[in-house]
Amino acid sequence: MNDGMIRRDFIKYTLATGVLLASNDITSNLVMAQGSAGVREVDKVTVWILADNYYDAVRPDTKITKRFRSVPGKSIHAEHGLAYYIETIVDGKTSSCMFDFGVDPVGVLNNVSLLGLDLGKASAFGLSHGHWDHYLNAVNILKNNQSKIVEGTPFYVGEEAFAHRYGLRPGRTEPDDLGQMKREDLEALGLKIIEIKNSVEIIPGAYLTGNIERVSAYEKVPPTLLINRGDKLEPDDFRGEQALFFNVKGKGLVVISGCAHSGIINTVKQAQKVSDVEKVHAILGGCHLANAKPDVIQNTVADIKAMKPDYIVPTHCTGFEAMVAFSQAMPNEFTFNTTGTQYTFAA
């Protein structure tokens, strides 16, 4: 069976059930039922950072990185946004997805081209949460690749992904309009919107966490982040925020967050709970510690360190102070991210 047939079967059964569930021999090997015990292992997961806040052309590589080196006429674009392209290898077969989309269409598509990626190969798309710096570029990217994307390819979101959001900045009395992703814009491109609450496998070996339980005492959403519910603005609790995780054979979990408004500790613990895997191999993504109080940063770093990940790669909204704290407390595990970097986690 070739990769194209596998991809079509995966999409077909996803759309037929609304969850990743199948009964025949072919797809039962491909798809695990939602809520089943344990998760399938991946032989390798590769993550490309298509958008993030920072770029450094001369930063050295590490064991897990391959950084893009700019030359005249070929320069990576960085922005206040986040986007990932991800490939898994399970039993020798490669599958891919995209998670979050960044902000600037020209810049992000430039990065895609420089990195030599074909987004049309993606079998699924996913969004961490409904903030503009994660969804704004989705329609542009998908429209640019529409001729290559299979009709009915699933686009996974959590609860309230399409809600209108606002933010109250320091010194302001009126909230800024942070925009609203439109469901109909995605459906017009032939995508199938799938809203989830529970953990689900979106491509072989790649799982969304489902709604993230709040278990840490100190990870709180700032009251300045607002959501329109009904006819009034309320503090946003990010009840539908999602992260991705993978179980790398012999290594443990790789957890990829968007912003981790729910808390990066809560996010990792959710992945551990639904996967029934304790060992954490790598944590990569936004930790939403920008402008956080020092004690919150200290508690977060201490709790991440206690999890004993092999790698910690904070991105995006983590903030300078928290980046420094991670680098000082975990110098051997810390990797400084730059846009365009390719990460490989393998058995």
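Residues numbered from 1 in each chain as written. Predicted model: local features only at pLDDT ≥ 70, side-chain atom pairs only at ≥ 80, totals over all residues. Heavy atoms only, no water.

Q: Please explain the packing of helix H7 (residues 264-275) against helix H8 (residues 294-307) as it appears in this structure.
A: Helix-helix packing is characterised by the crossing angle of the two axes and by the distance between the axes. Close contact between H7 and H8 brings their axes to 10 Å; oriented N to C, the two are set at 25°. The angle between H7 and H8 places the two elements in the roughly parallel class. Within the contact between the two elements, H7 uses Ile 264, Ile 265, Val 268 and Lys 269 and H8 uses Thr 300, Asp 303, Ile 304 and Met 307. Classifying every residue of the contact of H7 with H8 by side-chain character gives five nonpolar, one polar and two charged. (Axes fitted to C-alpha atoms, helices over the stretch in contact; angles between N-to-C directions. Helix = DSSP H or I, 4+ residues; strand = E, 2+ residues; numbered from the N terminus. Parallel < 35°, antiparallel > 145°, perpendicular 65-115°, else oblique. Contact = heavy atoms within 4.5 Å. Nonpolar A, V, L, I, M, F, W, Y, C, P; charged D, E, K, R; others polar.)

Q: Got a minute to help me understand the sheet that holds strand E13 (residues 225-229) in this structure?
A: Think of a sheet as strands paired side by side through backbone hydrogen bonds, with each pair either parallel or antiparallel. Ordered in space as E9-E8-E13-E14, the four strands form an open sheet in which the pairing is antiparallel. Edge positions in the sheet fall to strand E9 (176-177) and strand E14 (232-235), since each has one partner strand and no second. (Pairing = 2+ DSSP bridges.)

Q: Help me understand the sheet that holds strand E5 (residues 93-101) in this model?
A: Strand order across the open sheet formed by eight strands is E3-E19-E2-E4-E5-E6-E7-E10, with mixed pairing between neighbours. What marks the edges here is a single partner per strand, and that holds for strand E3 (65-66) and strand E10 (192-195).

Q: What should I look at first to understand the layout of surface pockets in this one?
A: Rolled over the atoms, a probe as big as a water molecule pinpoints where empty space is left. The volume enclosed by the largest pocket comes to roughly 1,000 Å³. Lining the largest pocket are 34 residues; nearest its centre among them are Pro 222, Leu 225, His 288, Ala 290 and Asn 291. Put simply, the parts of the chain that give the lining of the largest pocket at least two residues each are helix H4 (132-135) and H8. Tallied by class, the residues present in the lining of the largest pocket amount to 17 nonpolar, 11 polar and six charged. (1 Å grid on protein atoms, 1.4 Å probe; cavity = no way out; pocket = protein on both sides within 12 Å on 5 of 7 lines; lining within 4 Å. Points joined across faces, edges and corners; volume = space filled by probe spheres on them.)

Q: Whenever I open this one, the environment of Thr 62 confuses me. Can you help?
A: Of note, Thr 62 is situated in the loop between strand E2 (44-51) and E3. By relative accessible area, Thr 62 is classed as partly exposed at 34%. In the structure, Thr 62 is positioned 273 residues away from Thr 335 in sequence and 7.8 Å away in space, judged by C-alpha atoms. (Buried < 20%, exposed > 50% of the residue type's maximum accessible area, 1.4 Å probe, protein only.)

Q: Would you explain the state of the cysteines in this entry?
A: A disulfide bridge is the covalent bond that connects two cysteines by way of their sulfur atoms. Across all of its chains, the model carries zero disulfides by this definition. No disulfide involves Cys 287; its sulfur sits 7.2 Å from the nearest other cysteine sulfur, which is in Cys 317. When its relative accessible area of 3% is taken as the criterion, Cys 287 is described as buried. A disulfide-free cysteine, Cys 317 has its sulfur positioned 3.5 Å from the sulfur of Cys 259, the nearest such atom. (Disulfide = S-S within 2.5 Å.)

Q: How should I be thinking about the environment of Ile 89 in this particular structure?
A: Structurally, the position occupied by Ile 89 is in strand E4 (residues 83-90). Judged by relative accessible area, which is 23%, Ile 89 ranks as partly exposed. Between the C-alpha atom of Ile 89 and that of Thr 46, which follows or precedes it by 43 residues, the distance is 8.7 Å. Ile 89 has contacts with Val 42, Asp 43, Lys 44 and Thr 94, leaving out every residue within four places of it along the chain.

Q: Looking at this structure, how should I read the pairing of strand E12 (residues 206-210)?
A: One face of the sheet, then the other: side chains in a regular strand alternate in exactly this way. The buried count for E12 comes to five of five residues, which makes it a mostly enclosed element. Where strand E11 (residues 198-203) and E12 come together, four bridges link them in antiparallel fashion. Bridging across to E12, Glu 201 finds its partner in Tyr 207. The hairpin turn running from E11 into E12, its antiparallel successor, is two residues long, and Gly 205 in that turn takes a positive phi close to 85°.

Q: Explain the confidence of the model for the chain here, please?
A: With 89% of its residues at a pLDDT of at least 70, the chain reaches an overall mean of 91. Low pLDDT, under 50, characterises residues 1-6; the stretch is placed with eight contacts to residues that sit more than four places away or in other chains. pLDDT under 50 marks residues 10-36. Its contacts with residues more than four places away, or in other chains, come to 56 contacts. (pLDDT = per-residue confidence, 0-100.)

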